[in-house]
There are 2 protein chains.
Amino acid sequence: MTEFVIMVRKAMKSANLDSFDRKLLECVRRNNLEPARSLAEKVGLSESSVLRRLRRMRLEGIIIGDIALVDPALTGGAITMHVLVQLYNDGHIRTDAFARNMARREEVVAAWNVAGDEDFVLIVQVPSMEAYDAFTREELSEQSHVRDFKTLISIRPVVDTLISRRPLRA
Amino acid sequence: MTEFVIMVRKAMKSANLDSFDRKLLECVRRNNLEPARSLAEKVGLSESSVLRRLRRMRLEGIIIGDIALVDPALTGGAITMHVLVQLYNDGHIRTDAFARNMARREEVVAAWNVAGDEDFVLIVQVPSMEAYDAFTREELSEQSHVRDFKTLISIRPVVDTLISRRPLRA
DNA sequence: TATGAAATGCCATAACC
DNA sequence: GGTTATGGCATTTCATA
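It should be emphasised that the depicted structure is a prediction, and the values quoted were computed from it without experimental measurement.

1. Some details on the protein's contact with DNA strand C
As a structural note, the neighbourhood of DNA strand C is formed by 14 residues, with Leu51(A), Ser46(B), Ser49(B), Arg52(B) and Arg53(B) the closest of them. Near-protein atoms of DNA strand C (within 4 Å) split between backbone and bases, with sugar and phosphate holding 60%. One nitrogen or oxygen atom from the main chain of Ala36(A) is found 3.3 Å from a phosphate oxygen belonging to DNA strand C. Within the residue set of the surface near DNA strand C, elements represented by two or more residues are helix H3 (36–43) and helix H4 (47–60) of chain A together with helix H4 (47–60) of chain B. With five residues, H4(A) is the single largest residue contributor to the surface near DNA strand C. Partitioning the surface near DNA strand C into residue classes produces three nonpolar, four polar and seven charged.

2. A word on the protein's contact with DNA strand D
Lining the immediate surroundings of DNA strand D are Leu45(A), Ser46(A), Ser48(A), Ser49(A), Arg52(A), Arg53(A), Pro35(B), Ala36(B), Arg37(B), Glu47(B), Leu51(B) and Arg55(B). Restricting attention to atoms of DNA strand D within 4 Å of the protein, one finds that 55% of them are sugar or phosphate atoms. Within the side chain of Ser48(A), one N or O atom sits 2.8 Å away from a base oxygen of DNA strand D. Between DNA strand D and Arg52(A) there is a distance of 2.8 Å, counted from a base nitrogen to a side-chain nitrogen or oxygen. Mapped onto the surface near DNA strand D, the elements with two or more residues apiece are H4 of chain A together with helix H3 (36–43) and H4 of chain B. Broken down by element, the residue count for the surface near DNA strand D peaks at four residues, all from H4(A). A breakdown of the residues in the surface near DNA strand D according to their chemical character gives four nonpolar, three polar and five charged.

3. Examining the packing of H3(A) against H4(A)
All names here are of chain A. As a packed pair, H3 and H4 sit with axes 8 Å apart at the nearest point and diverge in direction by 100°. Judged on the interaxial angle alone, H4 and H3 are roughly perpendicular. Across the interface between the two elements, Ala36, Arg37, Leu39, Ala40 and Val43 of H3 pack against Glu47, Val50, Leu51 and Leu54 of H4.

4. Notes on the interface of chain B and chain A
Contacts between the two partners involve 66 residues from chain B and, on the opposite side, 65 residues from chain A. Where chain B meets chain A, there are seven salt bridges. The closest approach of N and O atoms between Asp96(A) and Arg156(B), which form a salt bridge, is 3.1 Å. The tally of links from chain B across to chain A stands at 27 residue pairs in polar contact (both at pLDDT 80 or more). By residue class, the composition of the side of chain B that touches chain A is 38 nonpolar, eleven polar and 17 charged. In this sheet, strand E1 (residues 63–70) of chain B lies alongside strand E1 (residues 63–70) of chain A in antiparallel orientation, the contact comprising seven bridges. Counterpart to Ile63(A) in the pairing with E1(B) is Val70(B).

5. Remarks on the relation of the copies chain B and chain A
Placing chain B over chain A gives an RMSD of 1.6 Å and needs a rotation angle of 177°, together with 1.3 Å of translation along the axis. Those values place the two copies in the arrangement expected of a two-fold rotation axis. When C-alpha positions in chain B are compared against the rotation axis, the closest is assigned to Ile67(B), at 2.5 Å. A share of 94% of the interface residues of chain B reappears at the interface of chain A, consistent with the copies meeting face to face through the same patch.

6. Details of the packing of helix H2 (residues 19–28) of chain B against H4(B)
All names here are of chain B. For the pair H2 and H4, interaxial distance at closest approach is 11 Å and the crossing angle is 80°. With respect to each other, H2 and H4 are oriented roughly perpendicular. In contact with Phe20, Asp21, Leu24, Leu25 and Val28 of H2, H4 contributes Val50, Arg53, Leu54, Arg56 and Met57. When the residues that make up the contact of H2 with H4 are grouped by side-chain class, the tally is seven nonpolar, no polar and three charged.

Thresholds, definitions, all that
Residues numbered from 1 in each chain as written. Chains lettered and ligands numbered in written order. Predicted model: local features only at pLDDT ≥ 70, side-chain atom pairs only at ≥ 80, totals over all residues. Heavy atoms only, no water. Near = heavy atom within 4 Å. Polar contact = N/O pair within 3.5 Å; in protein donor to acceptor, adjacent residues only side chain to side chain. Helix = DSSP H or I, 4+ residues; strand = E, 2+ residues; numbered from the N terminus. Nonpolar A, V, L, I, M, F, W, Y, C, P; charged D, E, K, R; others polar. Axes fitted to C-alpha atoms, helices over the stretch in contact; angles between N-to-C directions. Parallel < 35°, antiparallel > 145°, perpendicular 65-115°, else oblique. Contact = heavy atoms within 4.5 Å. Salt bridge = Lys/Arg side-chain N within 4 Å of Asp/Glu carboxyl O. Pairing = 2+ DSSP bridges. Least-squares fit on C-alpha atoms with pLDDT ≥ 70 in both.

So far we have only geometry, and geometry alone does not tell us how the molecule works.
Dropping the structure here:
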């Protein structure tokens with residue numbers, strides 16, 4: 001118990017990752033079901049050390065989560081859109097409000113506040129064009145603080161850290 | 001062995017997911033390290049069935065991968081860029097070649113081939129502006145088939161499905 | 001063909017050096 | 001960080017419907 005507290009304390013301070021940690025992250029980032037034994041010989045460490053390091057990094061929040069990636073086509077988000085949004089810009093109030101709105105929408109898979117001509121980049125996943133149309137009307141067209149937006153329809157994902165680096169299975 | 005072939009054959013045909021499958025996906029999508037015993041009582045099935053179904057869905061490609069989510073700020077990718085790329089467009093050859101190049105680069109976290117004025121949307125994570133500069137030189141500026149590209153510097157991520165859906169740990 | 005139960009074997013865990 | 005003993009979990013096999 002005390003040990004745990006110390007571990008977390010140490011965690012908060014900073015994240016010093018040595019080359020072993022980085023190698024491990026590179027591996028589990030692609031496949032987190034790979035046995036420690038296999039990881040051990042890849043990075044040149046013992047099984048115990050591998051497991052200790054992974055557990056530590058999970059406690060420290062360096063590893064944020066462990067998830068299964070589900071084929072997007074089967075989860076209701078068949079169409080992927082990229083949306084570049086420009087707001088009527090003055091102060092952070094509208095920016096924050098817009099960000100909050102986006103966070104509320106199920107369709108918005110990811111969003112960034114960006115610098116430059118555009119203010120936001122959205123990644124939106126919808127089951128149909130009708131759904132996308134509804135989304136843009138409610139959140140963009142009918143919003144007075146949205147100056148303009150541009151939609152890029154995704155033809156296909158060509159890289160996805162998450163997908164292309166997936167483990168090869170037998 | 002024969003059983004395996006039958007499994008895959010069946011897999012290719014289509015993906016009929018019953019309510020048990022969907023419940024399981026909803027769980028492992030948030031946390032794929034949860035023991036089958038725990039999943040079993042959640043969805044109302046035996047441990048064996050849970051494991052069988054998960055294995056089947058992994059073979060069928062319904063579950064695309066199993067990965068650890070790593071805090072982007074700690075993986076050397078402190079800066080996130082969005083890059084809109086236009087190629088000199090003719091045929092699919094250059095598009096495919098470009099896609100392959102992007103897939104090779106560690107910095108490219110995600111990339112899509114899109115329709116419209118732009119050809120590609122990239123999400124690039126780099127530790128520094130120097131690293132980004134090097135990336136753009138090698139892959140964009142010095143590439144004759146790249147007509148133009150536009151960089152959007154991410155100020156902050158405001159939505160991230162993957163992160164917000166992370167499992168809660170004790 | 002899919003399920004649940006039991007035996008086997010692998011893997012993570014924890015307490016050592 | 002490495003080694004060993006323990007416990008847990010997945011895998012396999014089998015019986016059943």
